[in-house]
Amino acid sequence: MTVPTPARTARRTPRLPSWLPVDGYVLSLLGTVALATLLPASGAAADLAQGASTGAVALLFFLYGARLSTREALDGLKHWRLHVTVLAGTFLVFPLLGLAARGLVPTVLTPQLYSGFLFLCLVPSTMQASIAFTSIARGNVPAAICAGSFSSLAGIVLTPLLAAALLGDSAGGLSAAALLKIVFQLLVPFLTGQLLRRWVGGFVVRHKKVLGHVDRGSILLVVYTAFSLGMTAGIWHLVTPARLGMLLAVEAVLLAAMLALTWYGAGRLGFGRADRIAIQFAGSKKSLASGLPMASVLFGPQASLAVLPLMLFHQMQLMVCAVIARRRARDAETETETEGEGEAGAETEGETASEADAETASATASETDAEAGAETR
């Protein structure tokens, strides 16, 4: 007699509820800020953390260059109208809205928070989130890849120049040394990755999930370094919970405006659904990976307060766009099902008509046979 073995209890990895638009990475960012607040790096540890974050960001952009196919980039140039639209939203519409928010100082935003808010509007678009959300929403993924890459490359030059022109002394001014530091930290590793892609590209693509942790880990390290500097400089007394709440409200309005402008504006420009999705997600986001190292160079010890609006906006855009991407995907499924039902209905009507024709033909043949039989009789 066989004794039944007890069923094993399946081990499940704890996950956040699907209805909660907060992922683990957002919680990791908040935890990193809390760690920097409680245990900030100082002295030699701060220098070590700064050097490690610089190296991590350089590695991050090297991986960007190694992942992007040169052929994809060249093919993306053919879709120039889409890329011009994304660049216009990122480096023209965003800054204009940021300048319009100047009227909120000092009643809603403090001058320091406004500088960070305006800097947020100057940062290039994010690459990973734009691609991921475009894919979820069933949009034009190749266009999102190229749009994010072009925006990141353009931002290496445009963001510092716009910061120097619009922020002035609050960003420490734009010096040749600062611009060279940004170029060597971001552009040179990216181009190196492109040059070495022939040898390392396959490895990077095969291990993209593992190397994805490098992306997120480098950003967490930069966040820890920036907020450690802020704690050491004692800037947190400048921000009250009420000011943070008002900053969140202003950023919510900014995000809603850009999501609406990119979606409906792309529609008015004649883009199809797939292109509109890519434009909306690539043109309404801001890159934490590009903005943090630039802020650390441009703002120095005040970088932690300057990147606070960017961090909050980054988390907000992830939550909101995750909901929108899922909705776009459901809309696409509904359209596909509707088209399928229409085709099935057409086929059914055709089959019904064929059956009716067959029955009519059969009845006619029977009548003809009966008439022929009567005449024979």
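Residues numbered from 1 in each chain as written. Predicted model: local features only at pLDDT ≥ 70, side-chain atom pairs only at ≥ 80, totals over all residues. Heavy atoms only, no water.

(A) Quick peek at the overall build of the protein. Helices and strands together make up the secondary structure of the protein, namely 14 helices and 0 strands. Walking the protein from its N terminus toward its C terminus, one meets helices and strands in the order α-α-α-α-α-α-α-α-α-α-α-α-α-α. Residue burial in the protein is summarised as follows: out of 377 residues, 42% are buried. Sequence separation of at least 24 residues holds for 85% of the intrachain contacts in the protein that already meet a minimum separation of 6. Working note: accessible area of the protein is about 19,700 Å², and carbon and sulfur atoms make up 64% of it. (Helix = DSSP H or I, 4+ residues; strand = E, 2+ residues; numbered from the N terminus. Buried < 20%, exposed > 50% of the residue type's maximum accessible area, 1.4 Å probe, protein only. Contact = heavy atoms within 4.5 Å. Areas by Shrake-Rupley, 256 points an atom, 1.4 Å probe, with all protein chains shown as cover.)

(B) How the structure looks around the environment of G168. Mapping G168 onto the fold places it in the loop between α7 (141–166) and α8 (176–195). Considered as a pair, G168 and S115 are 53 residues apart in the sequence and their alpha carbons are 9.9 Å apart.

(C) Geometry of the packing of α7 against helix α13 (residues 288–299). As a packed pair, α7 and α13 sit with axes 11 Å apart at the nearest point and diverge in direction by 35°. You can see that α7 and α13 cross each other, and the crossing is right-handed. Two secondary-structure elements touch here, α7 through S152, G155, I156, T159, P160 and A163 and α13 through S290, M294 and L298. Split by residue class, the contact of α7 with α13 holds 5 nonpolar, 4 polar and no charged. (Axes fitted to C-alpha atoms, helices over the stretch in contact; angles between N-to-C directions. Left-handed = near helix turned anticlockwise from the far one by under 90°. Nonpolar A, V, L, I, M, F, W, Y, C, P; charged D, E, K, R; others polar.)

(D) Structural view of the side chain of T134. Mapped onto the fold, T134 is located in helix α6 (residues 128–136). Note on T134: relative accessible area 0%, which makes it buried. A distance of 2.6 Å separates a polar atom in the side chain of T134 from the backbone oxygen of S130. Apart from the residues within four sequence positions on either side, T134 is in contact with G139, N140, V141, A144, I277, A278 and F281. (Polar contact = N/O pair within 3.5 Å; in protein donor to acceptor, adjacent residues only side chain to side chain.)

(E) How the structure looks around the packing of aromatic side chains. Enumeration according to the criterion identifies 3 aromatic pairs in this entry. Taken together, a centroid distance of 6.2 Å and an interplanar angle of 80° make the contact between F94 and F313 edge-to-face. Separated by 219 residues along the polypeptide, F94 in helix α4 (residues 80–100) and F313 in helix α14 (residues 303–376) bring together distant segments of the chain. With respect to class, F94 is no different from F313; both count as buried. Ring centres of F119 and F299 lie 5.3 Å apart, and the angle between their planes is 85°; this geometry places the pair in the edge-to-face category. Highlighted residues: F119 in helix α5 (residues 111–122) and F299 in helix α13, separated in sequence by 180 residues. By relative accessible area, F299 is classed as buried at 8%. (Phe/Tyr/Trp six-rings, centres within 6.5 Å; stacked < 30°, edge-to-face > 60°.)

(F) Region of interest: the side chain of T110. Looking at the element boundaries, T110 is found in the loop between α4 and α5. Here L113 takes part through its backbone nitrogen, which lies 3.2 Å from a polar atom of the side chain of T110. When neighbours within four sequence positions are excluded, T110 is seen to be in contact with V105 and R243.

(G) Here's a closer look at helix α11 (residues 241–268). If you check α11, its first and last C-alpha atoms are 40 Å apart, about what 28 residues at 1.5 Å a residue would give, namely 40 Å. For α11, every residue scored as buried is listed here: R243, L247, V250, E251, L254, L255, M258, L259, T262, W263 and A266. Phi for G270, located one or two positions after α11, is positive at around 90°. (Expected span 1.5 Å × (residues − 1).)

(H) Layout of the confidence of the model for the protein. When pLDDT is averaged across the protein, the result is 78; 76% of the residues are at 70 or more. Segment residues 1–14: pLDDT under 50, and 0 contacts once partners within four positions in sequence are set aside and those in other chains are kept. Contacts from residues 352–377, a stretch scored under 50 in pLDDT, to residues over four places away or in other chains number 0 contacts. (pLDDT = per-residue confidence, 0-100.)

(I) Layout of unusual backbone geometry. Going from V105 to P106, the amide bond is cis rather than trans, its omega being 0°. On the secondary structure map, P106 appears in the loop between α4 and α5. Phi is positive for R138, which is not a glycine, with a value near 65°.

(J) Structural detail: a nonpolar patch on the surface. Taken together, the side chains of L92, L96, L99 and L166 make up a nonpolar region of the molecular surface, amounting to roughly 340 Å² of accessible area. It is α4 that provides the largest number of residues to the nonpolar patch, a total of 3 residues. Within the secondary structure, L96 sits in helix α4. (Patch = residues over 30% accessible without salt bridge, like charges linked within 9 Å, V, L, I, M, F, W, Y side chains within 5 Å. Salt bridge = Lys/Arg side-chain N within 4 Å of Asp/Glu carboxyl O.)

(K) Molecular detail of the environment of D275. If you trace the backbone, D275 turns up in helix α12 (residues 273–283). In sequence terms D275 and G139 are 136 residues apart; their C-alpha atoms lie 6.4 Å from each other. When residues no more than four places from it in sequence are discounted, the contact partners of D275 are H79, L82 and N140. There is a polar contact of 3.1 Å between the side chain of D275 and the side chain of H79.

(L) Local environment of the packing of α5 against α7. At a minimum axis separation of 9 Å, α5 and α7 run at an interaxial angle of 145°. The way α5 lies across α7 gives a crossing that is right-handed. Between α5, through L118, F119 and L122, and α7, the contact on the second element is made entirely by T159, L162, A163 and L166. Tallied by class, residues from the contact of α5 with α7 come to 6 nonpolar, 1 polar and no charged.

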